[in-house]
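Examination of the molecular architecture
Here is how the chains run, residue by residue.
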Amino acid sequence: MNETGYKVATDDVVTAYSFKFPETIGNKIRINATDMNIADGEYALQLMEVAAYGERAVGDYALPNANIVSSSVLLSTSTSLEDYGYYKEYLIDTDVETGYSTEEYDSSDHEEWIELDFRRAMKVSEVQLKPAWSGYGFPEDFSIQVLEDGSWVTALTVEGHE
């Protein structure tokens, strides 16, 4: 599934953007950013929060459309600034005042990724990304991939996010 033309906030309001795709079952999600937006004169991927929605089992019940990201998720990233208040664990801490940034680069022509490992198969159909202040560091082009039976499957490709 390809999507184009999403708009990023241009004021100080931080809005989460939802990216929906057909329900997929997998134990990992990867957000693969291939064209970074500018952040403070450098190029970097910066986000305040990541959420994934699907079906979560609670006891004998299945909760549809629940955020399946929790503190038990294993989080990994291609790079992480780990300074100035940006730490990778802040991506899943549910605090919109904290955030994550990759290392900074002089060019947008590189790839950065964020990976969420649920440690078991989960149904997922939506990813929400909350950009850093005023949209700085939000990727213009990216894909959302799900690890399905040991192979990465692209669930959604977004191009031209402004």
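To be clear, the structure that these remarks concern was listed above.
Everything quoted here is computed from the prediction, not taken from an experiment.

**Describing the overall build of the chain**
The helix and strand inventory of the chain stands at 0 helices and 11 strands. For the chain, the residues scored as buried account for 46% of the 162 residues in total. Pairs at least 24 apart in sequence give 72% of the contacts found in the chain among residues at least 6 apart.

**Focus on the nonpolar core**
Core analysis: the largest hydrophobic core is formed by 32 residues, its most contacted members being Phe19, Phe118, Leu129, Phe142 and Ile144. Breaking this core down by element, the ones donating at least two residues are β2 (17-35), β5 (46-58), β9 (112-131), β10 (141-148) and β11 (151-159). Per-element accounting of this core gives the leading share, 7 residues, to β9. Those residues in contact with Phe118, other than ones at most four positions away along the chain, are Gly26, Asn27, Lys28, Ile29, Ala52, Ile68, Val69 and Val73.

**Section: the packing of aromatic side chains**
In the structure shown here, the tally under the stated rule is 4 aromatic pairs. Here the aromatic rings of Tyr17 and Phe138 are separated by 5.9 Å at their centres, their planes lie at 65°, and the arrangement is edge-to-face. Within this pair, whereas Tyr17 is found in strand β2, its partner Phe138 is found in the loop between β9 and β10, the two being separated by 121 residues in sequence. What makes Phe138 buried here is its relative accessible area of 0%. With 5.5 Å between their ring centres and 80° between their planes, Tyr87 and Tyr90 make a pair best called edge-to-face. By relative accessible area, which is 26% here, Tyr90 ends up partly exposed. Ring pairing ties together the aromatic residues Tyr17, Phe19, Phe138 and Phe142, which thus form one cluster. The aromatic ring of Trp152 is capped on one face by Arg30, whose charged end is 4.6 Å from the ring centroid.

**Here's the deal with the side chain of Thr79**
Within the secondary structure, Thr79 sits in the loop between β7 (74-77) and β8 (100-101). Within polar-contact distance, the side chain of Thr79 engages the backbone nitrogen of Glu103 at 3.1 Å. Those residues in contact with Thr79 that sit more than four places away from it in its chain are Tyr100, Thr102, Glu103, Tyr105 and Glu112.

**Digging into unusual backbone geometry**
The backbone of Arg119 sits at a positive phi, close to 65°, despite the residue not being glycine. Mapped onto the fold, Arg119 is located in strand β9. The exposure class assigned to Arg119 is exposed, which follows from its relative accessible area of 51%.

**Description of the pattern of salt bridges**
A complete count under the given rule lists 3 salt bridges for this structure. Salt-bridge contacts for Arg30 lead to Glu115; the nearest nitrogen and oxygen are separated by 2.6 Å. Taken together, the positions of Arg30 in strand β2 and Glu115 in strand β9 put the pair 85 residues apart, joining distant regions of the chain. According to the relative accessible area criterion, Arg30 is buried, its value standing at 18%.

**Section: a negative patch on the surface**
Side chains of Glu82, Asp83, Glu89, Glu103 and Glu104 sit close together on the surface and give a patch of like negative charge. Overall, the relative accessible area of 43% leaves Glu89 in the partly exposed class.

**Here's the deal with the environment of Ser18**
Along the chain, the position of Ser18 falls in strand β2. Residues Ser18 and Ala51, spaced 33 residues apart in sequence, show a C-alpha to C-alpha distance of 9.1 Å. Polar contacts involving the side chain of Ser18 include one to the side chain of Glu126, which spans 3.0 Å. Polar side-chain contacts of Ser18 include one of 3.1 Å to the side chain of Gln128.

The rules we used
Sequence positions are assigned chain by chain, starting from 1 and proceeding in written order. For this predicted model, a pLDDT threshold of at least 70 governs which residues receive local features, and a threshold of 80 or more governs which side-chain atom pairs are given and counted, while totals over whole chains, interfaces and linings are taken from all residues. To obtain the side-chain values, all non-hydrogen atoms of the structure were included, while hydrogens and water were left out. Secondary structure counts use DSSP, requiring at least four H or I residues in a row for a helix and at least two E residues in a row for a strand, with both numbered from the N terminus. Summary of the burial criterion: residues with accessible area below 20% of their type's maximum are buried, those above 50% are exposed, and those between are partly exposed, where the area comes from a 1.4 Å probe applied to protein chains only. Contacts were defined at the residue level, with two residues in contact if any of their heavy atoms lie within 4.5 Å. To qualify as a nonpolar core, a set must consist of buried Ala, Val, Leu, Ile, Met, Phe, Trp, Tyr and Cys residues joined through side-chain atoms within 4.5 Å. Only the six-membered ring of Trp is used, alongside the rings of Phe and Tyr, when aromatic pairs are assigned; centres must lie within 6.5 Å, and planes under 30 degrees apart are stacked while those over 60 apart are edge-to-face, with the rest tilted. Here, over-ring charges are defined by two tests on the NZ atom of lysine or the CZ atom of arginine: distance to the ring centre within 6 Å, and angle to the ring normal within 35 degrees. By the criterion applied in these results, polar contacts are pairs of N or O atoms within 3.5 Å in which, for protein atoms, one can donate a hydrogen and the other can accept it, and in which residues neighboring in sequence qualify only through two side-chain atoms. The term salt bridge refers to a pairing of a side-chain nitrogen on Lys or Arg with a carboxyl oxygen on Asp or Glu at a separation within 4 Å. Each patch is built from salt-bridge-free residues with over 30% relative accessible area, joining like charges within 9 Å and nonpolar side chains (Val, Leu, Ile, Met, Phe, Trp, Tyr) within 5 Å. Per-residue and other accessible areas follow the Shrake-Rupley method at a 1.4 Å probe size, with only the shown protein chains counted as cover for residues. Asp and Glu count as negative and Lys and Arg as positive, but His and the ends of the chain are not part of the count. By convention, charge coordinates are those of NZ in Lys, CZ in Arg, CG in Asp, or CD in Glu.

Coordinates in, geometry out; function isn't part of it.
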